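Topology and contacts: notes
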Amino acid sequence: MARRVAVVGAGMTRFVRRAQETGKELAWEASREALASCELPLDRIDAVCLTSAPDAFDGVHMKGEYLSDGAGAFGRPFIRTYVGGGSGVFTAIQAYYTVASGMADVVLAVAEEKMSSTQPHPQGAFLTIFDNILERPLGPNLLWIFALEMNRYMTLHGIDKRDIAAVAVKNKRNAADHPAALLGQADITIEDVLASEILAWPVQRLDVSPISDGAVAIVVASEEAAKQITSDPVWIQGVGWNLDTAYWTNRDLVFPEYVANAARMAYGMAGVTEPRKQIQVAEPYDPFDYKELHHLEGLLLFDKGKAPEAARDGVLDRKGDLPSCPSGGLLGVGNPIAAAGLMKIAELFWQLRGEAGARQVPGTPERGVAQAWGDLMQVGTVVVMGREGGPPTTATQLETPPAATPATSLSDAEFRSATGAVEDEIGARYAWDAGVAIGLFLDGLREGKILGRECRVCHRVLVPPRMFCERDFRGTDAWVQAENTGIVQTFSICNVRWDMQPLDEPELPAVIAIDGSDGGFLHTLGEVEPDKVTIGMKVEAVWKPVGERTGSILDIAYFRPRIDG
């Protein structure tokens, strides 16, 4: 039987943009604060679990090893976990299992992110998450996928954008009370959000969390060790994680099933049978305002499409019936990817101990849930934490982090001219194998055909094709020619490039569900005015001339509205 496990300490740096501190220094500052919060010397730590998001942010391929000494891992068992944006919560899960298994009594879990090193914009690192054969040739923008998902969510549920904007307002106001926050703003209004620049419709600038640098650390201990360290442990009651298929264009983006699956796993462990009644505070992942709502529904705290009403009616406010992101979340505190997820675990620790200072939710919350999400709308990680019946024993309200560590916020010019600043460009080039299925798919595009693979067990025609069915985990059975037509499942109107510079003409990315298949892919629309595009619009492929086709996704120049409508 697994041992009971508790969080006994936590610390974090300030979240700032273009911090001059190195990733090692940020990890050390957060680790030092976490150890100090429970008066624990480093020699009491048996193992270290660390996470950081894409190595491409730093250009350091062995980033786990690079950060290890700053995280206190010298001479200790050490592991780096990585599941994209879900990593911050997942490193807490890793620490939980390291202790629950009996491999260690006390573990330091550390999450660090330094996004500012990627020039001219951190989104340059994110471009590498797109499929290297079928999507990157389109010149994708990371904002595309969020805008596509947000449009699908809003349209199918008939959601008013004002109700989504209410989340950004709530979180930025909450962050005004957080000593480590980047963008707390006590006087922001819904009108401010709705008046902000449209980046990729329906995503506006104030719908988006700010890029930043920072680190968070927590101390996790077995029951016996926890009771020696503190009289006020917060127990990890349940953990869950889930991974959906990487073919994100093959599923309906309106609901995050991978979050729901992870939540069911965590709730089952924690004995939570009625989440809405048994959870008193939530810290869902909120890189965009709509994602908090999307994830609250994935966490089974609201019915599908109903979380926006809760935002509108104040249910999610700090003093509401179900406080959501009382910390200020990513939208207000900042979004150093991996560190942002572990911040949510730390916030629950402080809230459940009654130590959140001005951020403290009313009453004596007994249980909370933290969640993070990552990769191409694919990963769900969930942790349930609780006090198990006892009210907070803290005599006075503390402001946490107990002492927000100093941090240097620099302008772009200051960052580039700082003493010792080094600029470099990695000159690597790549030549990718397309593989059997995609190779023949590209051959088909050269011939003006869209090919798929049939699975005769689940009765699907897979586009893009693969030689195996991920659902049945068996080889697919036959090639099928799908139609050159399809339906717009969702779309965006993008006004900026990946580096946030304005475009001369807007781009129209869309997910096209291909007729004659059970899938589809990302492409762009043409021969249509942006304000004429709708979800459900019938479209057809426009092919390049035969002599200009090279066996690429770009052999389809774009999709246009079907002439036969």
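Our structure's up above, just so we're on the same page.
Residues numbered from 1 in each chain as written. Predicted model: local features only at pLDDT ≥ 70, side-chain atom pairs only at ≥ 80, totals over all residues. Heavy atoms only, no water.

Here we look at the pairing of strand E4 (residues 106-114)
Burial analysis of E4 places nine of its nine residues in the buried class, the great majority of the element. The side-chain alternation of E4 yields two buried faces, one formed by Val106, Leu108, Val110, Glu112 and Lys114 and the other by Val107, Ala109, Ala111 and Glu113. By the bridge criterion, five bridges tie strand E2 (residues 47-51) to E4 in an arrangement that is parallel. Across the sheet, the residue bridging to Leu50 is Val110, located in E4. Here nine bridges tie E4 to strand E7 (residues 213-222), and the two strands are oriented antiparallel to one another. The partner of Val107 across the bridge, within E7, is Val220. (Buried < 20%, exposed > 50% of the residue type's maximum accessible area, 1.4 Å probe, protein only. Helix = DSSP H or I, 4+ residues; strand = E, 2+ residues; numbered from the N terminus. Pairing = 2+ DSSP bridges.)

Topic: helix H1 (residues 23-37)
The end-to-end C-alpha separation of H1 is 21 Å, in line with the 21 Å expected for 15 residues at 1.5 Å each. Where H1 is concerned, the buried positions are Gly23, Leu26, Ala27, Glu29, Ala30, Ser31, Glu33, Ala34 and Leu35. Here the buried face of H1 lies against strand E1 (5-12), helix H2 (63-68), E4 and E7. (Expected span 1.5 Å × (residues − 1). Contact = heavy atoms within 4.5 Å.)

Concerning the sheet that holds strand E22 (residues 538-543)
Strand order across the open sheet formed by five strands is E21-E20-E17-E22-E23, with antiparallel pairing between neighbours. The open sheet has two edge strands, strand E21 (520-524) and strand E23 (556-561), and neither has a second partner. Going from strand to strand, the sheet's axes swing by 45 degrees on average, the running direction of each strand aside. Inspection of the sheet shows strand E17 (residues 485-491) paired to strand E20 (residues 509-514) by five bridges, in the antiparallel sense. Counterpart to Val488 in the pairing with E20 is Ile512. Against the sheet, helix H5 (residues 142-157) makes contact with E17, E20 and E21, and its axis sits at roughly 95 degrees relative to E17, the strand it touches most. (Axes fitted to C-alpha atoms, helices over the stretch in contact; angles between N-to-C directions.)

Side note on the sheet that holds strand E11 (residues 379-386)
Spatial ordering of the open sheet is given by E3-E2-E4-E7-E1-E8-E11-E10-E9, a layout of nine strands whose pairing is mixed. Each having just a single partner strand, strand E3 (78-81) and strand E9 (281-283) make up the two edges of the open sheet. Averaged over all adjacent pairs, the angle separating strand axes in this sheet is 25 degrees, with direction ignored. Here four bridges tie E2 to E3, and the two strands are oriented parallel to one another. When the sheet's bridge partners are listed, Leu50 is paired in E3 with Arg80. Here H1 sits on the sheet and contacts E1, E4 and E7; the angle it forms with E7, its principal contact strand, is near 40 degrees.

Remarks on the environment of Glu470
Take Glu470: it is sitting in the loop between strand E14 (468-469) and strand E15 (474-475). By relative accessible area, Glu470 is classed as partly exposed at 28%. For the pair Glu470 and Gly240, spaced 230 residues apart in sequence, the C-alpha separation works out to 21 Å. Residue contacts for Glu470: discarding those within four places in its chain leaves Thr245 and Arg460.

Digging into the side chain of Gln204
Secondary-structure assignment places Gln204 in strand E6 (residues 203-204). Taking the relative accessible area as the measure of exposure, Gln204 reaches 7% and is therefore buried. A polar contact is formed between the side chain of Gln204 and the side chain of Lys161, at a distance of 2.7 Å. Polar contacts involving the side chain of Gln204 include one to the main-chain carbonyl oxygen of Leu194, which spans 2.8 Å. With near-sequence residues (within four places) excluded, Gln204 lies in contact with Lys161, Val193, Leu194, Ala195, Ser196, Glu197, Ile198 and Leu199. (Polar contact = N/O pair within 3.5 Å; in protein donor to acceptor, adjacent residues only side chain to side chain.)

Considering H5
Compared with an ideal rise of 1.5 Å per residue, which puts 16 residues at 22 Å, H5 spans 24 Å between its outermost C-alpha atoms and is within 8% of the ideal. Most of H5 is tucked away: 13 of the 16 residues are buried. Capping the start of H5 is the job of one residue whose side-chain oxygen sits 2.9 Å from the backbone nitrogen of Leu143: Asn141. Immediately downstream of H5, the backbone of Gly158 shows phi near 65 degrees, a positive value.

Here we look at the packing of helix H3 (residues 87-100) against helix H14 (residues 337-352)
For any two helices packed against each other, the geometry comes down to the angle between their axes and how far apart the axes lie. Between H3 and H14, the shortest axis-to-axis distance is 6 Å and the interhelical angle comes to 55 degrees. Compared by their axis directions, H3 and H14 come out oblique. Contacts between H3 and H14 involve Ser87, Gly88, Val89, Thr91 and Ala92 from the former and Ala338, Gly341, Leu342 and Ile345 from the latter. Residue classes in the contact of H3 with H14 are distributed as five nonpolar, four polar and no charged. (Parallel < 35°, antiparallel > 145°, perpendicular 65-115°, else oblique. Nonpolar A, V, L, I, M, F, W, Y, C, P; charged D, E, K, R; others polar.)

Remarks on the packing of aromatic side chains
Centre-to-centre distance and the angle between the planes together describe a pair of aromatic rings. Following the criterion strictly, the structure yields 11 aromatic pairs and no others. The interplanar angle of 75 degrees and the centroid separation of 5.6 Å between the aromatic rings of Phe90 and Trp241 together place this pair among those described as edge-to-face. Taken together, the residues span a long stretch of sequence, with Phe90 in helix H3 and Trp241 in strand E8 (residues 234-243) at a distance of 151 residues. A ring pair is formed by Tyr430 and Trp432, whose centres lie 5.9 Å apart and whose planes are at 5 degrees; its orientation type is stacked. With relative accessibility at 43%, the residue Trp432 sits in the partly exposed group. Connected via pairs of aromatic rings, a cluster forms that spans Phe146, Tyr285, Phe288, Tyr290 and Trp373. Here the guanidinium or amino end of Lys24 rests over the ring plane of Tyr66, the centre of that ring lying 4.6 Å away. Note that Lys304 overlies the ring of Phe255, its terminal NZ or CZ placed 4.4 Å from the centroid. (Phe/Tyr/Trp six-rings, centres within 6.5 Å; stacked < 30°, edge-to-face > 60°. Lys NZ or Arg CZ within 6 Å of the ring centre and 35° of its normal.)

Looking at the packing of H5 against helix H11 (residues 289-298)
For the pair H5 and H11, the least separation of the axes is 10 Å and the interaxial angle reads 60 degrees. On the basis of their axis angle, the class for H5 and H11 is oblique. Seen along the crossing, H5 lies across H11 with a hand that is left-handed. The segment H5 lies against H11, with Phe146, Glu149, Met150 and Tyr153 engaging Asp289, Tyr290, Lys291, Leu293, His294 and Glu297. Here the residues of the contact of H5 with H11 are counted per class, giving five nonpolar, one polar and four charged. (Left-handed = near helix turned anticlockwise from the far one by under 90°.)

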